[in-house]
Amino acid sequence: MVVCVKTGRIQLSEQHFKSINSELFVVDRQGKILFANSAFCTRLGLHRAAGRRFLDLLERSGRMRARRSLEDALKGEDQIEEYTFFNGAVSVMKLIRIGSDETTDLVAGLSFVSSPAVHAKAVEGAQDTPSPDAAALVYKGLSLERLRLEHRLRRAQLKHKEALKASNTDHPTGLKNRAGLDRDLQKEVVQAGAECANLFLVYIDLDDFKFINDTYGHHVGDRLLRAIGRRLRAPGNVVSAARVGGDEFAVLARSEEKDPEAFTELARQVWSRVFDAIRIDGLSLNLTGSAGVSAFGADAFDLETLKRNADAALIEAKRSGKNQVRLFDAALEQKRARRKALEQGLRHAVSKETLEPFYQPIVPGKSDLGIGVEVLARWQDEHLGDVPPDEFIRVATDCGLLSDLDLLVARKACRELKPLVESGQVSFVTFNVSPMVLSRDDHVDRFIEAVRCCGLSLENICIEITESDIFPDFEQAKATIATLKRAGIKLALDDYGTGYSNLRALLDLPVDGIKIDRSLMTGVANDERAMRVVRSIIHLARVCNAWLVAEGVETAAQVAVAQAMGCHYVQGYALSKPLAFADLETWLVRQAESQKKGEPSQGSKQAISLA
Ligand code: C2E
Ligand code: CA
Ligand code: CA
């Protein structure tokens, strides 16, 4: 239904008609109400107004005047009636004839009783009795008490709405915040129903926002966030856009098609719009970032899964090279399930101490050096089987278990190796230490304590640190390493030649040894460039007076080249894979026997110092 109020300008749909705040009604020639909006019903406390006689709803004293106005309106004269009552509160009514045909002549009425702000003043301090000059057009039952209550309710409602809006808004960007997004998600997901698969959630993460803040200042950073906010709000298919963290955004959007390709394409459009160059204060900033997408009704059927999947897709996008859009898929689901199982299993393994140390011999190239062993953790889970260390070390790092894991492995290893070290079969023991653990004050003390408790001399212990790992917090790493060094522990740089190959580590850290990465050793026998890199590392080691280990040597040719080039130690499958303790004992016995026979690659029993 369209109600046409013939001012020549207003055309109201039924929805508008109902939602308008003032009282709207349409009466026929007999004054019978044909339509009334909800404001009219609320004002008069009626459930339904249609069918009632308009004049019956007015106070008796105002009826004569209203009847005349209705008649005049029917003659085509616009009527505006203004009535004052209750100490200045105002009621205004406008009546207009609508419809041209005599038989269908109707009158549309619009009335309001003050505005909340105006009658707020009017009712302030007013008494509950009408003023002497109160005129009469008052709807029945419209007492000052009711006006006051209505006003208070409106004000409370307004405040509630404002508070709600503020609590759901991220003020720097004007977008929704996390709570606001949650509300929108809730609403949309409930509306969409489980089968609807055209709603999708995109999480977006900026790559270098901290760099922009640090380099250009926070005012540029803030303006950048606002600009991104505008870009995210603009697209038509966006249902809700939010900032959910410092530099993390979320977009809930709809697609015309229920097709994963379409979601990815739309998400890509949003993503590329956000990461278009932004000009601020004459600066042209080229941002990059990643996005993860989850589709409701496709990969997620409830809200929590939708959010979790978008997050998992984002993490995957960041892991696989950043600056890309990634849709959640079954492979990710499997990954997540495995990750969860790993985390649970690992917690159990650490608490039940079921992780075991394995030992890989580090064999000296010259006979005046002793054999060393690198301790490598092994985990065999009853459900997951053998889990590769790279995988469980990453999980342990992420869930804060690494320090306990490393200490557990160190304690077990020291206990097992003590007799071998005391007998001189093993000259030194190396442990891998991760950066996350290095930044913990207590870890180093606990590590030193664990070695001491087992009765091993700290002089026989070396820790291996990957060069690239220490740089994120170099100063902290330096302080921790100093503590280790004071205790007599040696330090080796692991996987050298792959990361930064930064001179700073060699200059600023008390490095005793360098382990040349396997990737370089693989090419060393037949690739001139790999050979040159290895030679330059050997040269660096000489300058720093550090010993060298060629890691991951798999062939006799690589062993020969490493030794010929002057590497002090060789480690790799060509000599031995990592071994369980019993196998290490056997290997050492055999090694000693072959040394007696004068075979190559035998180690003597001296300490690791090159001096
Ligand atoms: P990494 O410190 O570089 O250890 C050397 C890795 O190379 C070991 O893998 C070893 O088994 C492997 N490897 C040794 N020789 C050869 C070879 O000739 N060829 C090939 N292809 N591989 C060889 P693993 O045991 O799987 O350990 C992987 C990484 O996990 C280690 O790399 C280390 O960073 C970390 N890790 C292992 N155990 C521990 C631990 O107890 N604590 C910490 N924090 N990290 C550990
Ligand atoms: Ca290592
Ligand atoms: Ca290594």
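Residues numbered from 1 in each chain as written. Chains lettered and ligands numbered in written order. Predicted model: local features only at pLDDT ≥ 70, side-chain atom pairs only at ≥ 80, totals over all residues. Heavy atoms only, no water.

A. View of the site of ligand 1. In the region of ligand 1, 21 residues are neighbours, and Arg378, Asp406, Asn432, Glu554 and Tyr573 sit closest. The contact in question runs from an oxygen atom of ligand 1 to an N or O atom on the side chain of Glu374, over 3.2 Å. Here an oxygen atom of ligand 1 and a side-chain polar atom of Asp495 are 3.3 Å apart. Within the complex, the protein chains bury 84% of what would otherwise be the 790 Å² of accessible surface of ligand 1. Broken down by secondary-structure element, the contributors of at least two residues to the shell around ligand 1 are β18 (372-381), α12 (389-398) and β22 (490-496). The dominant element in the shell around ligand 1, judged by the number of residues it contributes, is β18, at four residues. (Near = heavy atom within 4 Å. Polar contact = N/O pair within 3.5 Å; in protein donor to acceptor, adjacent residues only side chain to side chain. Areas by Shrake-Rupley, 256 points an atom, 1.4 Å probe, with all protein chains shown as cover. Helix = DSSP H or I, 4+ residues; strand = E, 2+ residues; numbered from the N terminus.)

B. Layout of the coordination of the calcium ion (ligand 2). On the protein side, the calcium ion (ligand 2) has Glu374 (OE), Asn432 (OD1), Glu464 (OE) and Asp494 (OD) as donor atoms, found 2.1 to 2.3 Å from it. Spacing between the donor residues of the calcium ion (ligand 2) along their common chain follows E-x57-N-x31-E-x29-D. Between the calcium ion (ligand 2) and the calcium ion (ligand 3), a spacing of 3.8 Å is present, and a bridge between the two is formed by Asp494. Here Glu374 is found in strand β18, whereas its partner Glu464 is found in strand β21 (residues 461-466), with 90 residues between them in sequence. (Donors = N, O, S within 2.8 Å, 3.2 Å for Na, K, Ca; no water.)

C. Structural detail: the confidence of the model for the protein. Counting all residues, the mean pLDDT for the protein is 81, and 82% of those residues have values of 70 or more. The low-confidence segment residues 1-10 (pLDDT under 50) makes 21 contacts with residues lying over four places distant or belonging to another chain. Segment residues 115-137: pLDDT under 50, and 41 contacts once partners within four positions in sequence are set aside and those in other chains are kept. (pLDDT = per-residue confidence, 0-100. Contact = heavy atoms within 4.5 Å.)

D. Layout of the pattern of salt bridges. Using the criterion set out here, one finds 29 salt bridges in the structure. With a closest N to O distance of 2.8 Å, Arg223 and Asp281 form a salt bridge. Separated by 58 residues along the polypeptide, Arg223 in helix α8 (residues 218-233) and Asp281 in the loop between β13 (278-280) and β14 (283-285) bring together distant segments of the chain. According to the relative accessible area criterion, Arg223 is partly exposed, its value standing at 33%. In this structure, Arg339 engages Asp398 in a salt bridge whose closest nitrogen and oxygen atoms are separated by 2.8 Å. (Salt bridge = Lys/Arg side-chain N within 4 Å of Asp/Glu carboxyl O. Buried < 20%, exposed > 50% of the residue type's maximum accessible area, 1.4 Å probe, protein only.)

E. Fine view of the environment of Ala250. Position of Ala250 among the secondary structure elements: in strand β12 (residues 248-254). Placed 74 residues apart in sequence, Ala250 and Lys176 show a C-alpha to C-alpha distance of 9.2 Å. Excluding its chain neighbours within four sequence positions, the residues that come into contact with Ala250 are Leu181, Leu201, Val202, Tyr203, Ser240, Ala241, Ala242 and Val244.

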